[in-house]
Amino acid sequence: MDLHHDYIAVPEVFWSFETGKPISHCKLCDCDLMEPGTNYLIEKAFKNGETIFEHALCLSCYTESHQSMSEDSREKIRDYFAEHVNMDERQNIFMEQYGTEHEKWIDHCMVKGFPVREIEEYQLYGFCIDKDLVFSGAPYVLCGDVIEEIMELLSAETLGTMNALSQKLFGVDAPHDLLMF
Ligand SMILES: [Zn+2]
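Residues numbered from 1 in each chain as written. Predicted model: local features only at pLDDT ≥ 70, side-chain atom pairs only at ≥ 80, totals over all residues.

Enquirer: Residues and numbers for the overall build of the protein chain, please.
Expert: Across its full length, the protein chain carries six helices and six strands. Written out in order from the N terminus, the α and β elements of the protein chain read β-β-β-α-α-α-α-β-β-β-α-α. Taken over C-alpha atoms, the radius of gyration comes to 16 Å for the protein chain, in line with the 16 Å a tight globule of 181 residues would show. Each principal axis of the C-alpha distribution contributes one length, and for the protein chain these read about 40 × 35 × 35 Å. (Helix = DSSP H or I, 4+ residues; strand = E, 2+ residues; numbered from the N terminus. Rg over C-alpha atoms; globule rule 2.2 N^0.38 Å.)

What follows is the structure in structure tokens.
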């Protein structure tokens, strides 16, 4: 990865709905994400304009979760994205057109192109390093249709693993459409 990232302070849309502040700890291992140089991923799901779940995972918890999916499922997810999005091209075009104006990166579904304001359900993803949001493929939004299409590609085994992880993250109110990319 290029070391000279473009970045901005984590914008409010990525902050915790619960606390009204930036998400400061990993949802799984509780490590301090604000520790300088800490890489992590934020995922937030919205329905009709409201946050329905949110979490941040440090890089090692994220990697571990991702690797708990079956090899076959991981390959299918990779193929799905390779088929629908050219991440490198998107990165270059957006960087040139929008720079670090994050709103522009997340106002349409990355795969289907639907404007977010017209989508009932969507999930927002961002990669961060301590206090900053990094522009490196992310940030992006996936609409509910895309999440559904990807879920359909996954093996029963992987869906089971994702459900177990979701339980661990969210307890009784665990969402069934948690995805780790
Ligand atoms: Zn962690």
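Enquirer: Before we move on, can you summarise the nonpolar core with the specific residues and values?
Expert: Within the largest apolar cluster, 31 residues are counted, with the highest numbers of intra-cluster contacts made by Tyr40, Ala56, Leu57, Cys109, Val141 and Leu142. Elements that contribute at least two residues to this core include exactly strand 2 (39–47), strand 3 (50–58), helix 1 (59–67), strand 4 (121–129) and strand 6 (140–143). At five residues, the largest contribution of residues to this core is made by strand 2. If sequence neighbours within four positions are ignored, Ala56 has contacts with Ile23, Cys26, Lys27, Leu33, Tyr40, Leu41 and Ile42. (Core = buried A, V, L, I, M, F, W, Y, C linked by C-beta atoms within 7 Å. Buried ≥ 20, exposed ≤ 12 C-beta atoms within 10 Å, placed from the backbone. Contact = placed C-beta atoms within 7 Å.)

Enquirer: Which residues make up the pairing of strand 2, and what values go with them?
Expert: Burial within strand 2 is extensive, with seven of its nine residues counted as buried. Strand direction decides the pairing type here: strand 2 and strand 4, joined by nine bridges, are antiparallel. When the bridges of strand 4 are listed, Ala45 appears paired with Gln123. Pairing of strand 2 with strand 3 involves eight bridges; the strand directions are antiparallel. Along strand 3, the bridge assignment pairs Leu41 with Leu57. (Pairing = 2+ DSSP bridges.)

Enquirer: Tell me about the confidence of the model for the protein chain, and please be specific about residues and values.
Expert: Reading predicted coordinates in detail is not appropriate for stretches of low pLDDT. Looking at the protein chain as a whole, the pLDDT averages 91, with 95% of positions reaching at least 70. Per-element confidence in the protein chain is highest for helix 4 (residues 102–105), whose mean pLDDT is 97, and lowest for helix 6 (residues 156–170), whose mean pLDDT is 88. (pLDDT = per-residue confidence, 0-100.)

Enquirer: If you had to explain unusual backbone geometry to someone new, which residues and values would you point to?
Expert: Following Ala138, the chain continues into Pro139 via a peptide bond in cis, with omega recorded as 0°. By the secondary structure assignment, Pro139 is in the loop between strand 5 (132–135) and strand 6. Phi at Asp30 takes a positive value of approximately 65°, unusual for a residue other than glycine. Note that Asp30 resides in the loop between strand 1 (6–9) and strand 2.

Enquirer: Outline the pairing of strand 6, supporting the account with residue identities and numerical values.
Expert: Every second residue of strand 6 is oriented toward a common face, with Tyr140 and Leu142 on one face and Val141 and Cys143 on the other, all of them buried. Pairing of strand 4 with strand 6 involves four bridges; the strand directions are antiparallel. Within strand 6, the residue paired with Tyr125 across the bridge is Tyr140.

Enquirer: Residues and numbers for the environment of Phe17, please.
Expert: With respect to the helices, strands and loops of the structure, Phe17 is situated in the loop between strand 1 and strand 2. Classification of Phe17 by C-beta neighbours within 10 Å gives partly exposed; the count is 13. The sequence separation of Phe17 and Phe127 amounts to 110 residues, and the corresponding C-alpha distance is 18 Å. Here Phe17 is in contact with Thr51 and Glu54, once residues within four sequence places are set aside.

Enquirer: How would you explain the environment of Ser68 if you had to name every residue and give the values?
Expert: Here Ser68 shows up in the loop between helix 1 and helix 2 (71–84). Once the C-alpha coordinates of Ser68 and Asp132 are considered, the two residues, 64 residues apart in sequence, prove to be 27 Å apart.

Enquirer: Please set out the environment of Lys131 residue by residue, giving values where relevant.
Expert: For Lys131, the location among the structural elements is in the loop between strand 4 and strand 5. Since 15 C-beta atoms lie within 10 Å of it, Lys131 is described here as partly exposed. A C-alpha to C-alpha distance of 24 Å links Lys131 and Phe170, two positions 39 residues apart in sequence. Setting aside residues no more than four positions away along its own chain, Lys131 makes contact with Ala9, Val10 and Met34.

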